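This is what each chain is made of:
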Amino acid sequence: MPAGAADARVAADGLGEVLTLAETGFADARALLARHGLELVEVAPGEAIPGSYWGAPEAGVIGHRVHARSDTPVHSLLHEACHLIVAPADRRASIHTDASDSQHEEDATCYLQILLADRLAGVGRARLMRDMDAWGYTFRLGSTRAWFEHDAEDARAWLAARGLLPAAGA
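These numbers were taken from a predicted model, which means no experiment stands behind them.

1. A few points about the packing of helix α3 (residues 74-86) against helix α6 (residues 124-135)
Phase 1 of the analysis: Two elements in contact, α3 and α6, have axes whose closest approach is 9 Å; the angle formed by their N-to-C orientations is 95°. By the angle class used here, α3 and α6 are roughly perpendicular. Of α6, the residues touching α3 (which contributes Val 74, His 75 and Leu 78) are Leu 128, Asp 131, Met 132 and Trp 135.
Phase 2 of the analysis: Looking at the contact of α3 with α6 residue by residue, the class counts come to five nonpolar, one polar and one charged.

2. Some points on the sheet that holds strand β3 (residues 65-68)
Phase 1 of the analysis: The three strands are arranged β1-β3-β2 in an open sheet whose pairing can be described as mixed. Looking at which strands have only one partner, the edges of the open sheet turn out to be β1 (39-42) and β2 (60-62). Neighbour-to-neighbour, the strand axes of the sheet open up by a mean angle of 30°, direction not taken into account.
Phase 2 of the analysis: In this structure, β1 lies alongside β3, joined through four bridges in parallel fashion. Residue pairing in the sheet places Leu 40 in a bridge with Val 66 of β3.
Phase 3 of the analysis: Each of β1, β2 and β3 touches α3; the most contacted strand, β3, lies at about 165° to it.

3. Observations concerning the packing of aromatic side chains
Phase 1 of the analysis: This structure, assessed with the given rule, holds four aromatic pairs.
Phase 2 of the analysis: Relative to Trp 54, the ring of Tyr 53 lies with its centre 5.0 Å away and its plane at 90°, an arrangement referred to as edge-to-face.
Phase 3 of the analysis: Here Phe 139 and Trp 147 contribute two aromatic rings whose centre-to-centre distance is 4.6 Å and whose plane-to-plane angle is 20°, an arrangement assigned as stacked.
Phase 4 of the analysis: Take Phe 139: its relative accessible area is 15%, and that puts it in the buried class.
Phase 5 of the analysis: An aromatic cluster is defined as three or more aromatic residues linked by ring pairs; in this entry it consists of Tyr 111, Phe 139, Trp 147 and Phe 148.
Phase 6 of the analysis: Of note, Arg 162 hangs over the ring of Trp 158, and the distance from its end group to the ring centre comes to 3.8 Å.

Basis of the calculations
- By convention here, each chain's residues receive numbers from 1 onward along its written sequence.
- In keeping with the predicted nature of the model, local features appear solely for residues at pLDDT of at least 70, side-chain atom pairs appear and are counted solely at 80 or more, and the whole-chain, interface and lining totals rest on all residues.
- By convention in this description, side-chain values take in all heavy atoms of the structure and omit both hydrogens and water.
- Here, axes are lines fitted to C-alpha atoms. For helices the fit covers the stretch in contact, and angles between N-to-C directions go from 0 to 180 degrees.
- Think of it this way: any DSSP run of H or I at least four residues long counts as a helix, any run of E at least two long counts as a strand, and we number them from the N terminus.
- Orientation categories follow fixed angle ranges, with anything under 35 degrees roughly parallel, anything over 145 roughly antiparallel, 65 to 115 roughly perpendicular, and all other angles oblique.
- By definition, residues are in contact when any of their heavy atoms lie within 4.5 Å.
- Throughout, the ten residues Ala, Val, Leu, Ile, Met, Phe, Trp, Tyr, Cys and Pro are labelled nonpolar, Asp, Glu, Lys and Arg are labelled charged, and all others, Gly among them, are labelled polar.
- Between any two strands, pairing holds if DSSP finds at least two bridges.
- Classification of ring pairs uses Phe, Tyr and Trp, with its six-membered ring standing for Trp, and accepts pairs whose centres are within 6.5 Å; under 30 degrees between planes counts as stacked, over 60 as edge-to-face, and the remaining range as tilted.
- Exposed residues in this analysis have more than 50% of their type's maximum accessible area, buried residues have under 20%, and partly exposed residues fall in between, with area computed by a 1.4 Å probe over protein chains only.
- When the NZ atom of lysine or the CZ atom of arginine is within 6 Å of a ring's centre and also within 35 degrees of its normal, the charge is said to sit over that ring.

Scope: geometric values only; no functional claims are made or implied.
In structure tokens, the structure reads:
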């Protein structure tokens, strides 16, 4: 379990807590996921999150649905959604809870979630990367930003080869 995963309220580089859906709302995230053929299912406060690998408040995945509560961190929602986006369509339908298929897919998922953060009002890649670091994502260069800017060529190439890089402004 990543450092801090048991507590959704982790300090993010002195910025306060990691950003949650309570702060950004569900509407933009729902629209973003819909553009990728996914459904965002809002779970009531205090209820278990179906398909959550780490447990609440982390997002969960089942088929083409991403389950989240208002206290779910935005980085978690994007990460789980991106697992479904990068999965081949024939495998996506059978995904339940554990979506990762390989290290290449995991890296592509992390890269894509950073790109898609720019599509959510009030989020953006800089904030998402800080939240990923605060949550406990680990990269050999020591931070999400260092990995994204200097060590993620393979993840970008993996996404490009499959036509999964979002178009600028899309």
